[in-house]
Every structure is written in structure tokens, then in C-alpha cells.
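The residues making up each chain are set out below.
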Amino acid sequence: MSDKALDLFEQMRLNPDNVIHIIVFKACTQLGNDRAKEIGRKLLHQMPKHFHNDIVLLNSAIHMLMKFGDIENAENLFQMMNKKNIITYGAMMKGYVENNMNDKALDLFEQMRLNPDNVIHIIVFNACAQILNGRGEEIGRKLLHQIPKHFHNDNVLLTSAIDMLMKFGDVQSAEKLFRTIKKKNIVTFGAMMNGYNINNEPLKCLQLLEDIKQHGFILNEFVSTILINACARLCMISKCQLVIDQIPSYLYNNQHIRNSLIHMWGKAGSVENAQKIFQSIDNPDVITYNAMINAYGLNRMGLEAVDLYRKMPHHLRNEVTYVCVLNGCSHSGLLNEAHSIFSEIPQKNKQVIATMVDCLSRLYIFDEAQKLIDNYEKSNPPSSVMYMAILSGARNSHQHILSKKIYDRMEILFPNEKETLKSGSILLGNTYSSVGDYQEALNIRSKRTRELGTKVKPGVSWTEFNGEILEFKANDRSHPQSEEIHAKAKYISDVLIKYGYNYDSSWITRLLREDETIESVLCTHSEQLAIAYHFVQQENPKFIQITENLLTYAFTLLDGATKLIAKIWQCKIIVRDANGIHHFSPDGTCSCRDHF
């Protein structure tokens, strides 16, 4: 009740001693509002000189100033102190971390000549986890390696270390540390699960749910949100339902949980469930609206996204709102609506402009997209995301000259963005392949290998059957039933051809070998194998759901294979790729209405 503490302080007619100073500084720290800042600063300014050697009082004042975001005065006070203890350094370092000045926290840590206690360890681990560069990783790993044995039972410290290692992408070391913790608590499990999500291993995250239940822990809001996010990454409706059934019912009244559920159901392709939750919320906040608008957009329901945007109170709209609704327009080909909304946005940041560039590029309106980029670059550094949007549109429209022009420009503007250049090079090579120039595509691939490395993210498709998640790659033969799966894929391909289906050779990205045909290559694409797997398990499946890790919809849309499969076998198929979700209906249509 910090406000009451300050009320009483202002009524007091006695001179405050050092204890009163500390109490008031603490109250002001907790409140952090204008009144607290005024009282705290005034008391600090009027502090008697004989308190200037009171290290506890001064530590409290530093902590307060850092909470106010008043870094300069906190630094001045720190420099003034003749005697500093470990708590003094901790107050400064924690303040730097909380004010997103992690480099300064590490600078101070390296200047410190005291043995770090457990609190300093935690602060440094947090700073290293946030800074995510070579220096942070080196300091964090060294401190963890030198950790005293008596800290090996400190759960908070070890949990911070796990979080740091996961942020480094070092899942293996985090798992090893996790196994050494004898008395795990719900926070420890939460750090591991969140780390798995960060490193795109949602299945491992969900597997820890069983361990939590065995330990008898009750799911709290934090861990429940992590589980929901894991389900959102998997995008499998049945898995989502299975997991959320285990979340305590009282948490369903929590708005943060409900917002996360809207996001999850939207990514899993169940707009109906997302709508039910949205409609159950009496006072939707900005996150609620954004989650629902995004759910519509992901599922190619652009008109519904625009309609909800129009109904959303103006004062709630933010930059995320604009990106979500423009994305919805982009994926549904709603150019007029996108133009109208874009013109209404008062301040257009990089993300908003990039989304509009993407919308124009999907409709092959490249001149207008380039003008947006040119105007943006008059007062801002160039954005590789915008160029990648044009490059993707050029690939889909088979415009190899434009594609080459854009990629050459990217090499000049973004020489250090190796992964972006690698992705751009793949699109450029595929564009040349799409017009039959396989030699130039090979030259581009050779140049990429020399300059950017050989490692390219493979296309992967996941699907679920009877609670088990299965993974397929192109021409995959790792599954025990691979012979049956490939035979079924060939059978499905033959049936499609009988119904008049023609495979589009423009999506072949290399020269065919002697033993290959266009049909044999495209019918063993990872998505087609995942579909074939379901037909191996069931004679006539009624529902199939597939998640792709890359933008692979060219195979399903341009060839129309998945639409025809859905129609012939009267099966509902949901496919999620890197761009959004496609609902293939038994009537042979797709939710995107052939706009991708």
C-alpha cells in the first residue's frame, strides 16, 4: 500500500531518519508514478550530509532512480559513493538491465573487484540472455563454468542460466543443466519449456507437461501460456485441444490466457474456436482485437479482418493492429481495402510499409511497391524484408529479369545479412528454373555455395495421426511404412492425372535425372507424402492437417493437387505454410480463392 505510506510520510512533522528515507525510497520505487518521482527526488535532494555514508540508504536511492529511468543521476550517485558493496553493484547492474542497457551492466560487472553473489550471477545471466552477441555469450558461459558449488542448489540462479543458454540456442547444454537440478519447481520447468519454444522445438515443450504432472505441480498462468504458445507453433487442432483440456479451468477467466488461446486457435486453423473466445470477452483489449484480426488474416479471411478492424475502437489501434489487418488484405488480395487502411495510418513505421510492399508484390504491382521503398529510404536505412517481398512476387510471376535486378541491389545494400541473401538466392535460382533456364539456376546455386555456405533449410511437413506427430521431407524414406506411403503417393498421383490434372513443370527447380519424371518429383514432395500417409492409415480420411516450415504453397495452389484430392475423396484438408493457412474443402475450393 505504497500510496498510503507516502500519505503518512507527507503528514509527518518529524525529521525523517535513515530508515524513513529507505522506506520512502522503496515506496516511490514500487509506485513509479509522477507523484512518487516528485517525492522521491525531493527527499533525495534534501538528504542531510551525514547520510551520505549510509550505504544501505544510498543503494535504495540508486534502485529508485533506476526504476524512474533516471540513469544519469543514478550513475552520479554511484560515482559519489566512497564505499560500495555487492548490493550497490547489483542495484546499478539490475537497473541497467531493466533499462535495456545490458552492455553497461556487463561493463560494470567486469570492473567489479568483489566476488559475485547469487544475485549478481542472476543479473549477469539475464543481461547476457538479452544482449545475444559474442561478448555476452563469452561472459555468460565463463561465469556459469566458474559457478561455486554452493550455488548448485539455487533454483532461481540455475533457472536464469537455463534461460540464458536457451537464448544462445544451446539447447543441449540447457538440457544437461536441467537434469542436474534435483529439486525442480514449476518455474524451472517453465524456463525449459519456453526455451524449447524459442528454439522451435514445441514437441519437446509439450513432452515436459507429463513430467510436471508427475511432480504434482499445478499449472500457473506463465506455464499455461507457454503450453498454448507451443500448440500455436505446432498448429495441430487435435493437439491443441488435448493440451488445453489440461489447463486449470479458473485460468480461462484470465484475459492474457484467453488472448493467447485466440492466437493459438487462429494459427491452428480453427477460426470458429477463436471467435467463440473473442465473443466471450466483455472488454476486449488491444491484444484481443489484434489476435482475432490476425487469426482472420492467417486463415485468408481478409474481409472479416477488415470488418473487425473497422469495429475496433480507434484509441486501441496500434502498429501491430495495422500490420495484422494489412496482412489480412495482402493474403486475400484486397487491394482497395489495403490502400484505404494504409492511407488512414497516421505514422507508418518500417513494419507497416513492409506489409504494404508485400501486399502490392503479391498482386504483381511492382512499380508502386518500389516507389514505397524509395520514399521510405529517403529518411531511413533500407529494409531487406521489403526487397524480399518483391523478390517473392517476382518468383511467383516468373519475372527473372526483375528478380535479378532486386537481388543484385540486395547484395549491395545488405552484404552482412548472410541468411537473407541465402534465402534471396534460392528465390532467384527458382525464378530462373521456372522459366526453364536451369543452367543459370545452377550458376546461382554454385555462387551461393561459394559465398554463403551450403546449409539450406530443408522443406519439412508435419502431420498428426492418433496423437502422434510425424515429419516428412521431400522423397523421404525414413518412415517404417515408407514403401506403402510412396506407393500410395503414386496411386493418388495416377488418380489425379485421370481426372485431368497436369503437373506444372515450372516448379521443378533442377534438371531431371534419367529415372525421374515431373510427376515422380512433385508427387513425392513432403506435403504429398504427408497426405499419402493418412491414406495408408485410413482408406478414406475425412480430415487431414499439415504444417509446413517453408513457403511451399506453390505446389498445392499452382498445381491444384490438394484441391483436387479434397474434392475426389471428399476430405477437408488444412495446410499451414510460412505465410498462412489454406482450407481445402470437399467442393474443390481453397479459402484463399487462388490468391497467394
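Residues numbered from 1 in each chain as written. Predicted model: local features only at pLDDT ≥ 70, side-chain atom pairs only at ≥ 80, totals over all residues. Heavy atoms only, no water.

**Quick look at the overall build of the protein chain**
- Within the protein chain, the secondary structure is distributed over 32 helices and 5 strands.
- Its C-alpha atoms give the protein chain principal-axis dimensions of roughly 95 × 60 × 55 Å.
- Expressed as a percentage of its 596 residues, the buried residues of the protein chain come to 52%.
- Here the analysis covers contacts within the protein chain between residues at least 6 apart in sequence; of these, 64% occur between residues at least 24 apart.
- Put simply, the protein chain shows about 28,900 Å² of open surface, and 51% of that area lies on carbon and sulfur atoms.
- The distance from the centre of the 65 positive side-chain charges to the centre of the 65 negative ones in the protein chain is 3 Å. (Helix = DSSP H or I, 4+ residues; strand = E, 2+ residues; numbered from the N terminus. Buried < 20%, exposed > 50% of the residue type's maximum accessible area, 1.4 Å probe, protein only. Contact = heavy atoms within 4.5 Å. Areas by Shrake-Rupley, 256 points an atom, 1.4 Å probe, with all protein chains shown as cover. Lys, Arg positive; Asp, Glu negative; His and termini not counted. Charge placed at Lys NZ, Arg CZ, Asp CG, Glu CD.)

**Quick look at the UniProt feature "repeat: PPR" (unreviewed entry) in the protein chain**
- Feature annotation in UniProt places "repeat: PPR" (unreviewed entry) on residues 85-115, 285-315 and 318-352, given in this structure's numbering.
- For residues 285-315, helix accounts for 74% and strand for 0%, while the C-alpha atoms at its two ends are 11 Å apart. (UniProt positions renumbered as here; feature names shortened; annotations may be inferred.)

**Section: the packing of aromatic side chains**
- Per the stated rule, a full pass over the model turns up 10 aromatic pairs.
- Consider the rings of Phe 78 and Tyr 89, whose centres lie 5.5 Å apart with planes at 80°: the pair is edge-to-face. Of the two residues, Phe 78 sits in helix α5 (residues 71-80) while Tyr 89 sits in helix α6 (residues 86-98), which places them 11 residues apart along the sequence.
- Given a relative accessible area of 14%, Tyr 89 falls into the buried group. (Phe/Tyr/Trp six-rings, centres within 6.5 Å; stacked < 30°, edge-to-face > 60°.)

**Some words on the side chain of Asp 54**
- Within the secondary structure, Asp 54 is located in the loop between α3 (34-45) and α4 (55-68).
- No salt bridge is formed by the buried Asp 54, whose closest oppositely charged neighbour, Lys 83, lies at an N-O distance of 12 Å.
- In this structure the side chain of Asp 54 is engaged in a polar contact, spanning 3.2 Å, whose partner is the backbone nitrogen of Val 56. (Salt bridge = Lys/Arg side-chain N within 4 Å of Asp/Glu carboxyl O. Polar contact = N/O pair within 3.5 Å; in protein donor to acceptor, adjacent residues only side chain to side chain.)

**With respect to the pairing of strand β4 (residues 572-576)**
- By the criterion of burial, β4 is predominantly enclosed, with 4 of the 5 residues buried.
- In this sheet, β4 lies alongside strand β3 (residues 543-548) in parallel orientation, the contact comprising 5 bridges. In the sheet register, Ile 544 faces β4, and the bridge partner there is Ile 573.
- Of the strand pairs in this sheet, β4 and strand β5 (residues 581-584) are connected by 4 bridges, and their pairing is antiparallel. Of the residues in β5, the one forming a bridge with Ile 574 is His 583. (Pairing = 2+ DSSP bridges.)

**With respect to the pattern of salt bridges**
- Taken as a whole and assessed by the stated rule, the structure comprises 26 salt bridges.
- Here Lys 104 ties to Glu 75 by a salt bridge, and the two come within 2.9 Å at their closest N and O atoms. Of the two residues, Lys 104 is situated in helix α7 (residues 102-111) and Glu 75 in helix α5; the sequence distance between them amounts to 29 residues.
- The partner of Arg 135 in a salt bridge is Asp 107, and the shortest N-O contact between them spans 2.7 Å. Remark: Asp 107 occurs in helix α7 and Arg 135 occurs in helix α9 (residues 134-145); sequence separation between them is 28 residues.

**As for the side chain of His 121**
- Structurally, the position occupied by His 121 is in helix α8 (residues 118-131).
- A polar contact is formed between the side chain of His 121 and the backbone oxygen of Asp 117, at a distance of 2.9 Å.
- Look past the residues within four positions of His 121 in its chain and what remains in contact with it is Pro 116, Leu 143, Ile 147, Pro 148, Phe 151 and Leu 157.

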